[in-house]
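Each chain, letter by letter, is given below.
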There are 2 protein chains.
Amino acid sequence: MIHPFRQHIEEIIPLTDDEFDFILSHFESIKKRKHQYIVQEGEFVNKEYWVIKGCLKTCFYDDSGKEHILQFAMENWWSTDYESFVNRTESKTSISCLEDSELLYITYENREKLTSEMHKMERFWAKKSKYGRIALQNRILSLLKNSSKERYELLLEQYPKLFQRVSKKLIAAYLGVSRETLSRLNS
Amino acid sequence: MIHPFRQHIEEIIPLTDDEFDFILSHFESIKKRKHQYIVQEGEFVNKEYWVIKGCLKTCFYDDSGKEHILQFAMENWWSTDYESFVNRTESKTSISCLEDSELLYITYENREKLTSEMHKMERFWAKKSKYGRIALQNRILSLLKNSSKERYELLLEQYPKLFQRVSKKLIAAYLGVSRETLSRLNS
DNA sequence: ATTACTGTGTGAGGTATGTCACACTTTAAG
DNA sequence: CTTAAAGTGTGACATACCTCACACAGTAAT
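Q: Where do I start with the overall build of chain A in this structure?
A: The helix and strand inventory of chain A stands at nine helices and eight strands. Relative to the globule expectation of 16 Å for 187 residues, the C-alpha radius of gyration of chain A, 17 Å, shows essentially globular dimensions. When the 187 residues of chain A are sorted by exposure, 48% land in the buried category. Sequence-distant contacts, at least 24 apart, represent 69% of the contacts inside chain A between residues at least 6 apart. Computed over 29 positive and 28 negative side-chain charges, the separation of the two mean positions in chain A equals 6 Å.

Q: It is not clear to me how the environment of Arg6 of chain A should be interpreted in this structure. Could you clarify?
A: Residue and element names in this part refer to chain A. Considering the arrangement of structural elements, one finds Arg6 in helix H1 (residues 4–10). Ignoring anything within four residues of it in the chain, the contact list for Arg6 reads Leu15, Thr16, Asp17 and Phe20. A distance of 3.0 Å separates a polar atom in the side chain of Arg6 from the backbone oxygen of Leu15.

Q: Looking at this structure, how should I read the nonpolar core?
A: Side chains of nonpolar character tend, in soluble globular proteins, to be buried together. The biggest cluster of nonpolar side chains holds 20 residues, and the ones touching the most others in it are Phe72, Leu162, Val166, Ile171, Leu175 and Leu182 of chain B. When contributions to this core are tallied by element, the ones reaching two or more residues are strand E5 (67–73), helix H6 (148–158), helix H7 (162–165), helix H8 (168–175) and helix H9 (179–185) of chain B. The contacts of Leu175 of chain B, once residues within four sequence positions are left out, are Leu144 of chain A together with Leu143, Arg151, Tyr152, Leu155 and Leu182 of chain B.

Q: Looking at this structure, I do not really get the interface of chain A and chain B. What am I missing?
A: The figure often quoted for interface size is the accessible area lost as the parts come together. Residue-level contacts link 36 residues of chain A with 36 residues of chain B. Summed over both sides, the interface of chain A with chain B buries roughly 3,600 Å², with 66% coming from carbon and sulfur. Ranking the residues of chain A by area buried against chain B places Tyr82, Arg133 and Leu144 of chain A at the top, with a combined share of 21%. Run the count over chain A and chain B and you get zero salt bridges. At the junction of chain A and chain B, the tally comes to nine residue pairs in polar contact (both at pLDDT 80 or more). For the side of chain A that touches chain B, the secondary structure elements donating two or more residues are strand E4 (56–61), strand E5 (67–73), helix H3 (82–87), helix H5 (119–145) and helix H8 (168–175) of chain A. For the side of chain A that touches chain B, the class distribution of residues is 15 nonpolar, eight polar and 13 charged.

Q: I tried to follow unusual backbone geometry on my own but got confused; where do I start?
A: Most peptide bonds take the trans form, and the phi angle of most residues other than glycine is negative. Here Asn76 of chain A, not a glycine, exhibits a phi torsion of approximately 75 degrees, which is positive. You can see Asn76 of chain A is positioned in the loop between E5 and strand E6 (78–79). One non-glycine residue, Arg88 of chain B, adopts positive backbone phi at about 60 degrees. Accessibility expressed as a relative area gives 35% for Arg88 of chain B, which makes it partly exposed.

Q: In this structure, what is going on with the packing of H6 of chain B against H8 of chain B? I would like to understand it.
A: Residues and elements named next belong to chain B. It is at 10 Å that the axes of H6 and H8 come closest, and there the two elements cross at 115 degrees. H8 is crossed by H6, and the crossing has right-handed handedness. Contacts between H6 and H8 pair Arg151, Tyr152 and Leu155 from the former with Ile171, Tyr174 and Leu175 from the latter. Partitioning the contact of H6 with H8 into residue classes produces five nonpolar, no polar and one charged.

Cut-off values and rules
Residues numbered from 1 in each chain as written. Chains lettered and ligands numbered in written order. Predicted model: local features only at pLDDT ≥ 70, side-chain atom pairs only at ≥ 80, totals over all residues. Heavy atoms only, no water. Helix = DSSP H or I, 4+ residues; strand = E, 2+ residues; numbered from the N terminus. Rg over C-alpha atoms; globule rule 2.2 N^0.38 Å. Buried < 20%, exposed > 50% of the residue type's maximum accessible area, 1.4 Å probe, protein only. Contact = heavy atoms within 4.5 Å. Lys, Arg positive; Asp, Glu negative; His and termini not counted. Charge placed at Lys NZ, Arg CZ, Asp CG, Glu CD. Polar contact = N/O pair within 3.5 Å; in protein donor to acceptor, adjacent residues only side chain to side chain. Core = buried A, V, L, I, M, F, W, Y, C linked by side-chain atoms within 4.5 Å. Buried area = accessible area lost by both parts, 1.4 Å probe. Salt bridge = Lys/Arg side-chain N within 4 Å of Asp/Glu carboxyl O. Nonpolar A, V, L, I, M, F, W, Y, C, P; charged D, E, K, R; others polar. Axes fitted to C-alpha atoms, helices over the stretch in contact; angles between N-to-C directions. Left-handed = near helix turned anticlockwise from the far one by under 90°.

Encoded structure:
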């Protein structure tokens, strides 16, 4: 059976067996239990994670202590505090497990090494970065132009599986409304 | 005098004279007047622009016809409908000039060509893409966690020049509030 | 100079959303 | 099994923000 991570990379760049083994040798795997943290606010993050199995949330808090969600990550998604990872600054967000999770991760140093040793991976990450940027841009568009109800429906349409795995409170924190308002959107 | 575009690239990657000339040969320049469009919604965008002089807005409209602003671009900033440019899809946004403007642009084909011919530029764009992603991420963080007043103050702090060149109506459309509300924030 | 257009501030009133409170159910922990 | 904790829905009320209206200043076009 083909490794799900290989399948993920090959959606963008075809690989030989040797190339995949070489890539994989730069990663480690790790298991984490529900409620455990992968990244804590204020840390210097030097790993980027890929979800083999499980579900993560990237969250942050406003001055009144209210939680907001930047991103969920389910199977085949990447997660890290991107700003901290790229700029070597303190993380503004925390990442934790919503379920018991199995992850691959690559350190900053290994990512740099792999980027320079293997041009295919430089191209892979460049593509990923482009797509990530487009997704974020569309989220901003949606935050500005759509009502809460519309944002709720768009999310439901795009990621129906999320609603079976994640509490409404967290969905609300992602959409930018209170859980009470989210609850009343259906009526 | 050093070309401002060279200076811009050299903030990330040092260049020889020949390298810069080679890069520049892939670009064209163009002048546009205030109110003219660079990109219109629905078009397939195949150019990426760099502002030598002037000011652009990237805007889009909700169902009620209200204008929202995704991005401003002043001197030394890049602008295009990134999704359309990367994915070869129809643009969701329009880009137009807020002042008479002077621009450099590169076509999609030339960008691909330059990326493959010159590894330094592949790295330059990869870096730019990373930074762009971080900026967008921070905008989402701000939209979720900060009040309108806080967003206003953060923008004023980060881009004071913008307020001397752009109407409050457009600032409001960028921040995601009505111009009336923006006007009342100061009191 | 005249006219139109755009930008800006401010009042009045409506609406969407937030906050607090409580009830009840479901899930997790000892 | 028992108890605590988290998730969910709903009512009552407060509030931030939107919309519409109007006034007036500044700018551009004829």
